[in-house]
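Breakdown of the fold
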Amino acid sequence: MKEKIDLNNWLRKDHFNFFNAFEEPFFGVTVDFDCTSTYKEAKDLGVSFFLMYLHKSLLAANQIENFKYRIIDGEVWKYNEVNAAATINRGNGTFGFGYMDFYKDFSEFRKHALIEIEKVENTTGLIPSSSGENVIHYSALPWLNFTSLSHARNFSYKDSCPKISFGKVRDENGKKIMGISIHANHALMDGFHVSQFADLYQEFLNKKIAELIED
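Residues numbered from 1 in each chain as written. Predicted model: local features only at pLDDT ≥ 70, side-chain atom pairs only at ≥ 80, totals over all residues. Heavy atoms only, no water.

As for the overall build of the protein
- Helix and strand counts for the protein stand at six helices and nine strands.
- On the principal axes, the C-alpha backbone points of the protein span a range of 50 × 35 × 35 Å.
- The proportion of buried residues among the 215 residues of the protein is 47%.
- Of the contacts formed within the protein by residues at least 6 apart in sequence, a portion of 72% connects residues at least 24 apart.
- Summed over all atoms, the accessible surface of the protein reaches about 11,100 Å², with 52% contributed by carbon and sulfur.
- Side chains of the protein carry 24 positive and 29 negative charges; the gap between the two charge centres is 2 Å. (Helix = DSSP H or I, 4+ residues; strand = E, 2+ residues; numbered from the N terminus. Buried < 20%, exposed > 50% of the residue type's maximum accessible area, 1.4 Å probe, protein only. Contact = heavy atoms within 4.5 Å. Areas by Shrake-Rupley, 256 points an atom, 1.4 Å probe, with all protein chains shown as cover. Lys, Arg positive; Asp, Glu negative; His and termini not counted. Charge placed at Lys NZ, Arg CZ, Asp CG, Glu CD.)

The structure is reproduced here in structure tokens:
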């Protein structure tokens, strides 16, 4: 479900009109996150660390309104929920695109995500996701400790989906630190909204999954 934003009465009307005219309206930042608690929780439970930090990022994004805005045919729409369109790495060095629905319950999310991961791992194509606009584009580069990142972009396509990329986990002063790149369309959000997401995501990384379901 989605609802159309009345641009004439939208607080971001001028910002939208200004940045939406850019050939490249995306901006990006790379932020270090402390994922010590989530890393330990995943190991203790014997579940995928990737799926756990991915799920917590979706929990955070779905609480930040601007992460649910999308531009469709020149109009701004707000989705009730956003899901994940994620790159799935294969053992042969290639990757494929997978689509994962958002569920607040981690067990439910994990169950469906594992089916999608297995499907991608057992194919050889890129598998373009037919997920629509209500997704965040996710990718993981667990081999690289990056401090900045850029994305391949087709400027003829008016993309408005946020892009979040996870880097290598490194040990630092007894903590597990991960650099995460966040790119967003400036017509739909600003650095303030990215900082809202970053603060909430760090809060969720510090909590156990059971606590988040209860919230």
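Text resumes after the structure shown.
Looking at the sheet that holds strand β4 (residues 75–79)
- Across the sheet, three strands lie side by side as β1-β4-β3; this open sheet has antiparallel pairing. Of all strands in the sheet, those bounded by a partner on one side alone are β1 (2–4) and β3 (69–72). Taken pair by pair, the neighbouring strands of this sheet meet at an average axis angle of 35°, ignoring direction.
- Relative to β4, β3 runs antiparallel, the two being bridged by four bridges. Across the sheet, Ile 72 pairs through a bridge with Glu 75, a residue of β4. (Pairing = 2+ DSSP bridges. Axes fitted to C-alpha atoms, helices over the stretch in contact; angles between N-to-C directions.)

Examining the sheet that holds strand β6 (residues 95–100)
- Pairing is mixed in the open sheet, where six strands are placed in the order β2-β9-β8-β7-β5-β6. Sheet topology places β2 (26–34) and β6 at the edges, where each strand pairs with a single neighbour. Neighbour-to-neighbour, the strand axes of the sheet open up by a mean angle of 25°, direction not taken into account.
- Two elements, strand β5 (residues 83–89) and strand β7 (residues 135–140), share four bridges in a ladder whose sense is parallel.

Details of the packing of aromatic side chains
- With the rule as written, the count across this model stands at 14 aromatic pairs.
- Ring geometry for Tyr 53 versus Phe 166: centroids 4.5 Å apart, planes at 50°, classification tilted. Of this pair, Tyr 53 sits in helix α3 (residues 49–61) while Phe 166 sits in strand β8 (residues 163–172); the two residues are 113 residues apart in sequence, bridging distant segments of the chain.
- Overall, the relative accessible area of 0% leaves Phe 166 in the buried class.
- Lying over the aromatic face of Trp 77, Lys 2 brings its terminal NZ or CZ to 5.0 Å of the ring centre. (Phe/Tyr/Trp six-rings, centres within 6.5 Å; stacked < 30°, edge-to-face > 60°. Lys NZ or Arg CZ within 6 Å of the ring centre and 35° of its normal.)

Things to note about helix α4 (residues 106–121)
- Helix length check: α4 (16 residues) gives 21 Å between terminal C-alpha atoms against 22 Å at 1.5 Å per residue, within 8%.
- Within α4 the residues assigned to the buried category are Phe 106, Phe 109, Ala 113, Glu 116, Ile 117 and Val 120. Buried residues of α4, viewed axially, fall in a sector of 105°; they line one side. For α4, the exposed residues set more than 90 degrees away from the buried face come down to Ser 107, Ile 115 and Glu 118.
- Sitting at the head of α4, Asp 105 places a side-chain oxygen 3.2 Å from the backbone nitrogen of Ser 107. (Expected span 1.5 Å × (residues − 1). Arc of directions from axis to C-beta. Polar contact = N/O pair within 3.5 Å; in protein donor to acceptor, adjacent residues only side chain to side chain.)

Describing a nonpolar patch on the surface
- Among the surface-exposed residues, Phe 95, Phe 97 and Leu 126 lie close enough to one another that they form a single nonpolar patch of about 250 Å² accessible area.
- You can see Phe 95 is positioned in strand β6.
- For Phe 95, a relative accessible area of 37% translates into the label partly exposed. (Patch = residues over 30% accessible without salt bridge, like charges linked within 9 Å, V, L, I, M, F, W, Y side chains within 5 Å. Salt bridge = Lys/Arg side-chain N within 4 Å of Asp/Glu carboxyl O.)

Let's talk about the side chain of Ser 165
- Topologically, Ser 165 is positioned in strand β8.
- Within the local environment of Ser 165, its side chain forms a polar contact with the side chain of Ser 139, the two groups lying 2.7 Å apart.
- For Ser 165, the contacting residues outside a window of four places in its chain are Ser 139, Leu 141, Phe 146, Leu 149, His 151, Gly 179, Ile 180 and Ser 181.

Interpretation note: all reported values are geometric properties and have no functional meaning in isolation.
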